[in-house]
Structure formats: C-alpha cells, structure tokens
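# Architecture at a glance
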Amino acid sequence: MLKDRVTGVAELVSLSRATMAKVKQNVAVAVGLKGVFLVTTLLGITGLWPTIMADTGATVLVTLNALRLLRWAPHT
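Residues numbered from 1 in each chain as written. Predicted model: local features only at pLDDT ≥ 70, side-chain atom pairs only at ≥ 80, totals over all residues. Heavy atoms only, no water.

### A few points about helix H2 (residues 48–67)
Note that an α-helix has 3.6 residues per turn; residues three or four places apart therefore point the same way. Across its 20 residues, H2 extends 29 Å between first and last C-alpha, which sits within 8% of the 28 Å expected from 1.5 Å per residue. Residues Thr51, Ala54, Ala58 and Asn65 constitute the buried set of H2. For H2, the angular spread of buried residues about the axis comes to 55°, placing them on one side. Structural note: H2 exposes Trp49, Met53 and Leu64 on the side pointing more than 90 degrees away from its buried face. Buried residues belonging to H2 abut helix H1 (9–42). (Helix = DSSP H or I, 4+ residues; strand = E, 2+ residues; numbered from the N terminus. Expected span 1.5 Å × (residues − 1). Buried < 20%, exposed > 50% of the residue type's maximum accessible area, 1.4 Å probe, protein only. Arc of directions from axis to C-beta. Contact = heavy atoms within 4.5 Å.)

### Examining the side chain of threonine 40
Relative to the helices and strands, threonine 40 is located in helix H1. Since its relative accessible area comes to 16%, threonine 40 is described here as buried. Looking at threonine 40, its side chain comes within polar contact range of the side chain of threonine 46, at 3.1 Å. Ignoring sequence-local partners within four residues, the contact set of threonine 40 consists of Ile45 and Thr46. (Polar contact = N/O pair within 3.5 Å; in protein donor to acceptor, adjacent residues only side chain to side chain.)

### Observations regarding the environment of lysine 22
Among the secondary structure elements, lysine 22 is positioned in helix H1. Overall, lysine 22 belongs to the buried group, its relative accessible area being 12%. Discounting chain neighbours no more than four positions away, the residues touching lysine 22 are Asn65, Arg68 and Leu69.

### Quick look at the packing of H1 against H2
Taken N-terminus to C-terminus, the directions of H1 and H2 make an angle of 170°; their axes are 10 Å apart at the nearest point. Here H1 lies roughly antiparallel to H2, going by the angle between them. Of the residues in H2, those in contact with Lys22, Gln25, Asn26, Ala30, Leu33, Lys34, Phe37 and Thr41 of H1 are Pro50, Thr51, Ala54, Asp55, Ala58, Leu61, Val62, Asn65 and Ala66. Here the contact of H1 with H2 is built from residues that sort into 9 nonpolar, 5 polar and 3 charged. (Axes fitted to C-alpha atoms, helices over the stretch in contact; angles between N-to-C directions. Parallel < 35°, antiparallel > 145°, perpendicular 65-115°, else oblique. Nonpolar A, V, L, I, M, F, W, Y, C, P; charged D, E, K, R; others polar.)

### Description of a nonpolar patch on the surface
A contiguous nonpolar surface patch, about 340 Å² in accessible area, is contributed by Met20, Val23, Val27 and Val31. Within the secondary structure, methionine 20 sits in helix H1. (Patch = residues over 30% accessible without salt bridge, like charges linked within 9 Å, V, L, I, M, F, W, Y side chains within 5 Å. Areas by Shrake-Rupley, 256 points an atom, 1.4 Å probe, with all protein chains shown as cover. Salt bridge = Lys/Arg side-chain N within 4 Å of Asp/Glu carboxyl O.)

### With respect to H1
Taking 1.5 Å per residue, 34 residues should reach 50 Å; H1 reaches 49 Å between its end C-alpha atoms and fits that length. Buried positions along H1 lie against H2. One or two positions beyond H1, positive phi appears at glycine 44, with a value near 85°.

If you want it as structure tokens, here you go:
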C-alpha cells in the first residue's frame, strides 16, 4: 500500500479515521431505522411489507454513504 514510503502513514491514519466515522454513521442509521420499524410494526402502525421495503432502503442508504469514501482526499 505504501510502496516503500513512510510518508503515506499519516494519510492512511486519516483515511482509517474517516472510514470508522462512516462505519459508526452506517450502524446508527441501520439500527435506528430497524428499531423504528420494529416498534411501528409491533404496534400495528405499519405492515410487514413497508418494513421490508424500509430495510431494503436502509441497505441502499448505508451503501451510498459508504461509497462517499471513494471521494476521500487527504488534507493538505
């Protein structure tokens, strides 16, 4: 990854921090949406199919959020 350079270590640390921030965001979004739809389904407010569609939508949101890391650039 570094190609015999140690100057890229700081950039890799920065990228790993950005990655962990995205992971935390994605977990919060996924668990939050699942929790909301679990409660609303148990209370009879939403049915099973809207809950399934919301779960699929959460997967899409999490994936799109993770793909934003492709535009990551080190701070100069």
